[in-house]
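The chain contents come next:
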Amino acid sequence: MSDTPLTLTLDIGTSSTRALLWDTQGHEIDGVRAQIPYEMHTTPDGGVTMPPEEMLGYVGQCLDQALAQAGDRANSIRAVGISTFWHSLIGADGNGSPLTPLYSWADARAGAVAKRLRNDLDAEAIHRRTGCVIHPSYYPAKLVWLRETQRELFDSVRRWMSPSEFLFQRLFGSGELRVSVSMASGTGLFNQEHGEWDAETLQAIQIAQETLSPIADLKRSSQGLTAEFAGRWPALRDVPFFPAVGDGACGNVGSGC
């Protein structure tokens, strides 16, 4: 087994983070099945959030568990594939440190704003370009809601990011702060035809493109963990981590849709 290249998969979901180990034929490696369950924080007005550092802690615990289960087999890991929950949002400062909680896709507090935007904007054109309807799950309504309800906080944010972006810049440093095509496609701000941020929607909701991360191809991996995590997971120190894919897309592919 030690000579067989292996792939570690990490699925960061809404209710748990899971890790499995696979061989090159797609067969699951026995004895490696880590899972850390958790719950989002909810409020009576429809809020569904989690502190980003708390999410990072759960991911770390899951990797600790998976690598312990793998034992010596961890030294055969040659790649890490990741899926994360789509549509969720974090606001960070210029150094990538979070200023806001992680607003889940399930956070419904932007519902009234979404309804207004559907009337005020060309909702059908936005849907055609981005593939996303105007809905409280997606970034346009969330961002406008935050600007209208927490203006001081909103104005202090220098980068809006997905959970996967937050994870990668913590694991590899600020130079790896970029978003995958897959995660960008679930924001409601991505022009699917041109493969870039949708300038028309950004202009309509008055969001500067500079506050969004550069978009990366799914083949562009990151490797070279920061000292903190390289010491914690030496087997993964120089292993390439591939950009996160939206969990909904993974679910469709995995079920044969």
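Residues numbered from 1 in each chain as written. Predicted model: local features only at pLDDT ≥ 70, side-chain atom pairs only at ≥ 80, totals over all residues. Heavy atoms only, no water.

Peer 1: Give a description of the side chain of aspartate 107 that names residues and reports values.
Peer 2: Structurally, aspartate 107 can be placed in the loop between β8 (102–103) and α2 (111–120). Of note is the side chain of aspartate 107, whose polar atom sits 2.7 Å from the side chain of arginine 109. Beyond its immediate chain neighbours, meaning those up to four positions away, aspartate 107 contacts Gly46, Gly47, Val48, Thr49, Pro136 and Lys142. (Helix = DSSP H or I, 4+ residues; strand = E, 2+ residues; numbered from the N terminus. Polar contact = N/O pair within 3.5 Å; in protein donor to acceptor, adjacent residues only side chain to side chain. Contact = heavy atoms within 4.5 Å.)

Peer 1: Let's hear about the packing of aromatic side chains: which residues, and what values?
Peer 2: Here the structure, examined in full by the defined rule, presents 6 aromatic pairs. Pairing phenylalanine 168 with phenylalanine 172 gives two aromatic rings, centres 5.7 Å apart and planes at 40°, and the pair type is tilted. One end of the pair, phenylalanine 168, and the other, phenylalanine 172, are both in helix α6 (residues 163–172), 4 residues apart, so they sit about a helical turn from each other. Phenylalanine 172 gets classed as buried once you look at its relative accessible area, which sits at 11%. In this structure an aromatic cluster arises from ring pairing among Phe168, Phe172 and Phe241. (Phe/Tyr/Trp six-rings, centres within 6.5 Å; stacked < 30°, edge-to-face > 60°. Buried < 20%, exposed > 50% of the residue type's maximum accessible area, 1.4 Å probe, protein only.)

Peer 1: Just give me the short version of unusual backbone geometry, but keep the residues and values in it.
Peer 2: For histidine 87, which is not glycine, the phi dihedral falls at a positive 75°. Relative to the assigned elements, histidine 87 resides in the loop between β6 (77–84) and β7 (90–92). Owing to a relative accessible area of 18%, histidine 87 belongs among the buried residues under this scheme.

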